[in-house]
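Summary of the model geometry
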Amino acid sequence: MNPASPTSDSSGVSLVSISRAIKPNDEGFRQVLRSGVTSVLLAPETGGLISGNAALIKLTSDRTKDMIVKEYAAVKFSMLGSSAKMTQVWQARDFLERAKEYAGKWDQYERAFEEYERRRQYEKDKDENEDKEPNEEDALKEPDRPRRDTNLELMRGLFKRKMPAIVHAGRADEILNTLKVFRNEYNLDVIILGGGDGFRVTDELRKYNVGVAIGPDILRYEKGKAINNAEMLTRSRLRVALHTSVTSGTQYLPMNAAYAVRYGMDEDNAFRAVTIYPAELLHVDDRIGSIDEGKDADLVILSGEPFDFRSRVEKVIVNGRVVFEREE
Amino acid sequence: MKISSRIAIVILCVLQFGAVTEGAPKPYAIRAGKVLTMALAKDSDASRRVINHGVILISKGKIEALGTASDVTVPEG
């Protein structure tokens, strides 16, 4: 079943927080940590139009609640196949329209309720000062509370641009469909995930200053010639985040970055693509993504240059604690 | 005050898919041959992005101070 089917009632589908699926002591997390990765965005596998909520966690603790940096960090969508199936675009529009309407109703209600509370307090204080009995007829009317929908509730942060929509799109037309619907029509903060054809549509991506999470393989071939997608995108002044998954091996992220450099990506940009750019794209750059005063003490100590395959991770520090130390 | 010395320091955040305090270690300092800060991502101040012979002071899970060995005073203890 497509969870975002526009004809279905979204209340019949549960988009619960992915954080509930976290197993803090998972050996996979430890393996990733040992490779020098301190934070990951945990998102459901792509499926249907909406995959679900993504949570940003640190690989640090025995307790889930201490791992979470941002529980509702993004919502993951997919526009894969949207060029062949126009219904995908219609479904996306239909869903976003409903979500926007829902968000608008609740925003309006919350504003009205705040005003109601303020006035109620004012009237109460006034009556007390004047030593009057409250007048039932003059009583303020509490605004009608809209129906709560747990799934659409998750989407409200998108319309306030508190979190991005991460949209899986590979082909150029899928990327363009994404920009048109998610960015142009609904003005959401968008990160393109995959973006294999990103280098073909750099002008459009640049127009909206949309970030692209690409990888693990950043090389594309055209007429036998290798094209470094990551390099092409960064050269167009786009923020690129390097992406790995459980399937490709999250722990290989530093090696993927080194691979991108080997094939022509600027070292500085490659380093940003695994540090400050993803932090900026996920709106958490006030806490993580760079070493700066006031930020979380998340550090990786290497034995050599970061893009040298021979460099070893000596120590990993998260929230000021040493969470990994290489044994001799 | 614990002081450790290594060659390079980076921080990694992966776009893929904490609290601090409780039982946090005492403040400590790290000395590193090279600190790749990635601070000021939109800034061209290279001296700030890469600090040679850097010191990082850590307290309560946060970075309290950052700079070269001559800039940052490591408290005794």
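Residues numbered from 1 in each chain as written. Chains lettered and ligands numbered in written order. Predicted model: local features only at pLDDT ≥ 70, side-chain atom pairs only at ≥ 80, totals over all residues. Heavy atoms only, no water.

1. Structural notes on the overall build of chain A
Across its full length, chain A holds ten helices and twelve strands. Based on the C-alpha atoms only, the size of chain A along its principal axes is roughly 80 × 50 × 35 Å. For chain A, with 328 residues in total, the buried portion stands at 54%. The contacts of chain A with a sequence gap of at least 6 include a subset with a gap of at least 24, amounting to 63%. When the accessible area of chain A is evaluated, it comes to approximately 16,000 Å², of which 46% is carbon and sulfur surface. Where the 50 positive side-chain charges of chain A centre and where its 55 negative ones centre are 5 Å apart. (Helix = DSSP H or I, 4+ residues; strand = E, 2+ residues; numbered from the N terminus. Buried < 20%, exposed > 50% of the residue type's maximum accessible area, 1.4 Å probe, protein only. Contact = heavy atoms within 4.5 Å. Areas by Shrake-Rupley, 256 points an atom, 1.4 Å probe, with all protein chains shown as cover. Lys, Arg positive; Asp, Glu negative; His and termini not counted. Charge placed at Lys NZ, Arg CZ, Asp CG, Glu CD.)

2. Side note on the pattern of salt bridges
Residues and elements named next belong to chain A. Overall, the coordinates contain 30 salt bridges over all chains when judged by the stated rule. A salt bridge links Asp-144 to Lys-141; its shortest N-O distance comes to 3.7 Å. Relative accessible area serves as the criterion here: at 61%, Asp-144 is assigned to the exposed category. Residue Arg-171 is joined to Asp-173 by a salt bridge in which the shortest nitrogen-to-oxygen separation is 2.9 Å. Taking the relative accessible area as the measure of exposure, Arg-171 reaches 46% and is therefore partly exposed. Each of Asp-107, Glu-110, Arg-148, Glu-153, Arg-156 and Lys-160 takes part in salt bridges that share partners, so that together they form one network. (Salt bridge = Lys/Arg side-chain N within 4 Å of Asp/Glu carboxyl O.)

3. Points about the domain arrangement of chain A
Residues and elements named next belong to chain A. Segmenting chain A into domains produces domain 1 (80-192) and domain 2 (195-277). Facing the twelve residues of domain 1 at the interface are 13 residues of domain 2. Interface of domain 1 and domain 2: buried area, both sides summed, is about 990 Å²; carbon and sulfur atoms make up 69% of it. When the buried area of domain 1 at its contact with domain 2 is split by residue, Leu-179, Arg-183 and Ile-192 rank highest and sum to 42% of it. For the pair domain 1 and domain 2, the number of links is zero salt bridges. (Domains from an automatic or database assignment. Buried area = accessible area lost by both parts, 1.4 Å probe.)

4. Observations regarding the packing of aromatic side chains
All names here are of chain A. Counted under the stated rule, the structure contains eight aromatic pairs over all chains. What links up through ring pairs into an aromatic cluster is the set Tyr-102, Trp-106, Tyr-109, Phe-113 and Tyr-116. The residue whose ring lies beneath Arg-148 is Trp-106, and the NZ or CZ to ring-centre distance is 3.9 Å. (Phe/Tyr/Trp six-rings, centres within 6.5 Å; stacked < 30°, edge-to-face > 60°. Lys NZ or Arg CZ within 6 Å of the ring centre and 35° of its normal.)

5. Concerning the pairing of strand β1 (residues 39-42) of chain A
Residues and elements named next belong to chain A. A two-sided burial pattern is seen for β1, the buried positions comprising Ser-39 and Leu-41 on one face and Val-40 and Leu-42 on the other. Taken together, the four bridges between β1 and strand β2 (residues 50-58) define a ladder with antiparallel strand orientation. From the neighbouring strand, Val-40 faces β2, where its bridge partner is Ile-57. (Pairing = 2+ DSSP bridges.)

6. Some points on the environment of Leu-42 of chain A
Residue and element names in this part refer to chain A. Positionally, Leu-42 belongs in strand β1. With a relative accessible area of 17%, Leu-42 lands in the buried category. Taking the C-alpha atoms as reference points, Leu-42 and Ala-73, 31 residues apart in sequence, are found 9.2 Å from one another.

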